[in-house]
Amino acid sequence: MTHELLTIGRISVDIYPNDIGVGLEDVESFGKYLGGSPSNVAVAAARHGRRAGVITRTGDDPFGTYLHRELHKFNVDDSFVTPVAGLQTPATFCAIKPATDDFPLYFYGRFPTAPDLQIKAEELDLDAIRKAGIFWSTVTGLSQEPSRYAHIAAHEARPRAELAEGQFTILDLDYRPMFWASQEEARAEVAKILPHVTVAIGNDKECAVAVGDGTPDEQADRLLAAGVEIAVVKLGPEGVMAKTRTERVVSAPVPVETLNGLGAGDSFGGAFCHGLLSGWPLAQVLDYANAAGAIVASRLSCADAMPTPEEVTSLLAERGRPVPGTGVSSANAQLATEGAAL
């Protein structure tokens, strides 16, 4: 099948506490979920009806079997998900402390390496990558070989100049310091990928790693100067901005009561892809993705919490915002000024 969205990179089992508001040392029971940002983005897009797949690796163990089962459940193609002998499927623990806006992550089974960092260039289906409507990768996938070279090979297989109308190549600037020796090393690797990217997405700190410190507009301008066509800079409590060479749009957060801030960005990503593939105006894409992220911030899990289109459009309508694809809007569809940060 031709994928509307094909992602590459991290997958894990998320171990989230059933006890809210306490440290992991005091948690008495947990639930397990599919996790890993690129995999979550694929799930989020599939919830919006998109043909999504993920390129990743697991351990040859029961947790790997579980992740395959979850991908099937969410209608995400797992044809490019295979086990790596001798490595275990990673697990990620998180404490949920919404009152303090604190959601610390603890990665297990990722050091010195993880199965999804063992993706090799010669294993890639470059034709599938080339044909995908959107190809989505992350900075984390550049942190270690052989994954780093596999990512470069994948991007080189779909040069920016050869993309058809409606095709996009997206880089999620998800810098996680524990996977890197330094910010400078990460910036050097990002610089190798940016020439192949048409959309870059990150918060201010991630953009700073990619292109240096500055205001959100300065960071967006540097991404555009690198050849990116759409630069998306998340503004925390002020929402999110998207900038092209001819347009600048801002969507303020949708007010929700945050339960778990993790996963909101992945929900944003999957919904953003859906909007791009739908051909909506950029402002509507941004608003829709913003609402999708807010919904997940109000829920416990990540993959299982990804909203349906009906849930997103219902929230938009409830908040008096335009509903993409319907022409429905409200006279007071002003952007909100507070809410969950993505």
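Residues numbered from 1 in each chain as written. Predicted model: local features only at pLDDT ≥ 70, side-chain atom pairs only at ≥ 80, totals over all residues. Heavy atoms only, no water.

**Here we look at the environment of Arg160**
Link 1 in the chain: Among the structural elements, Arg160 can be located in the loop between helix 4 (147-156) and strand 10 (168-172).
Link 2 in the chain: If we ignore the near neighbours within four places in the chain, the residues touching Arg160 are Leu194, Pro195, His196, Val197, Thr198, Ala226, Gly227 and Val228.
Link 3 in the chain: Within the structure, the side chain of Arg160 is placed 2.9 Å from the backbone oxygen of Leu194, a separation counted as a polar contact.
Link 4 in the chain: Among the polar contacts listed, one links the side chain of Arg160 to the backbone oxygen of Pro195, at a separation of 3.1 Å. (Helix = DSSP H or I, 4+ residues; strand = E, 2+ residues; numbered from the N terminus. Contact = heavy atoms within 4.5 Å. Polar contact = N/O pair within 3.5 Å; in protein donor to acceptor, adjacent residues only side chain to side chain.)

**Considering the packing of aromatic side chains**
Link 1 in the chain: One pass over the full model with this rule turns up seven aromatic pairs.
Link 2 in the chain: For the ring pair Tyr16 and Tyr33, a centre distance of 5.9 Å and an interplane angle of 50° mean the geometry is tilted. Pair noted here: Tyr16 is in strand 2 (residues 12-17) and Tyr33 is in strand 3 (residues 30-35), with a separation of 17 residues, a long-range link. You'll find Tyr16 and Tyr33 in the same group, each marked buried. (Phe/Tyr/Trp six-rings, centres within 6.5 Å; stacked < 30°, edge-to-face > 60°. Buried < 20%, exposed > 50% of the residue type's maximum accessible area, 1.4 Å probe, protein only.)

**Some details on the pattern of salt bridges**
Link 1 in the chain: Counted by the stated rule, this structure contains 18 salt bridges.
Link 2 in the chain: Among the salt bridges present, the one from Arg148 reaches Glu189, with a minimum N-O distance of 3.7 Å. You can see Arg148 sitting in helix 4 and its partner Glu189 sitting in helix 5 (residues 183-193), a full 41 residues away along the chain.
Link 3 in the chain: Judged by its relative accessible area of 13%, Arg148 is buried.
Link 4 in the chain: The partner of Arg248 in a salt bridge is Asp217, and the shortest N-O contact between them spans 2.8 Å. One end of the pair, Arg248, is in strand 14 (residues 248-251); the other, Asp217, is in helix 7 (residues 216-225), and 31 residues separate them in sequence.
Link 5 in the chain: Look at Arg248 and you get partly exposed, because its relative accessible area is 46%.
Link 6 in the chain: The partly exposed category is assigned to Asp217, whose relative accessible area is 23%.
Link 7 in the chain: Sharing partners across several salt bridges, the network here consists of Arg148, Glu185, Glu189 and Lys192. (Salt bridge = Lys/Arg side-chain N within 4 Å of Asp/Glu carboxyl O.)

**Describing the pairing of strand 12 (residues 230-234)**
Link 1 in the chain: Summarising burial for strand 12: five of the five residues are buried, a large majority.
Link 2 in the chain: Of the two faces of strand 12, both are covered, the one formed by Ile230, Val232 and Lys234 as well as the one formed by Ala231 and Val233.
Link 3 in the chain: Relative to strand 12, strand 11 (residues 199-203) is paired through five bridges, and the arrangement is parallel. Residue pairing in the sheet places Ala200 in a bridge with Ala231 of strand 12. (Pairing = 2+ DSSP bridges.)

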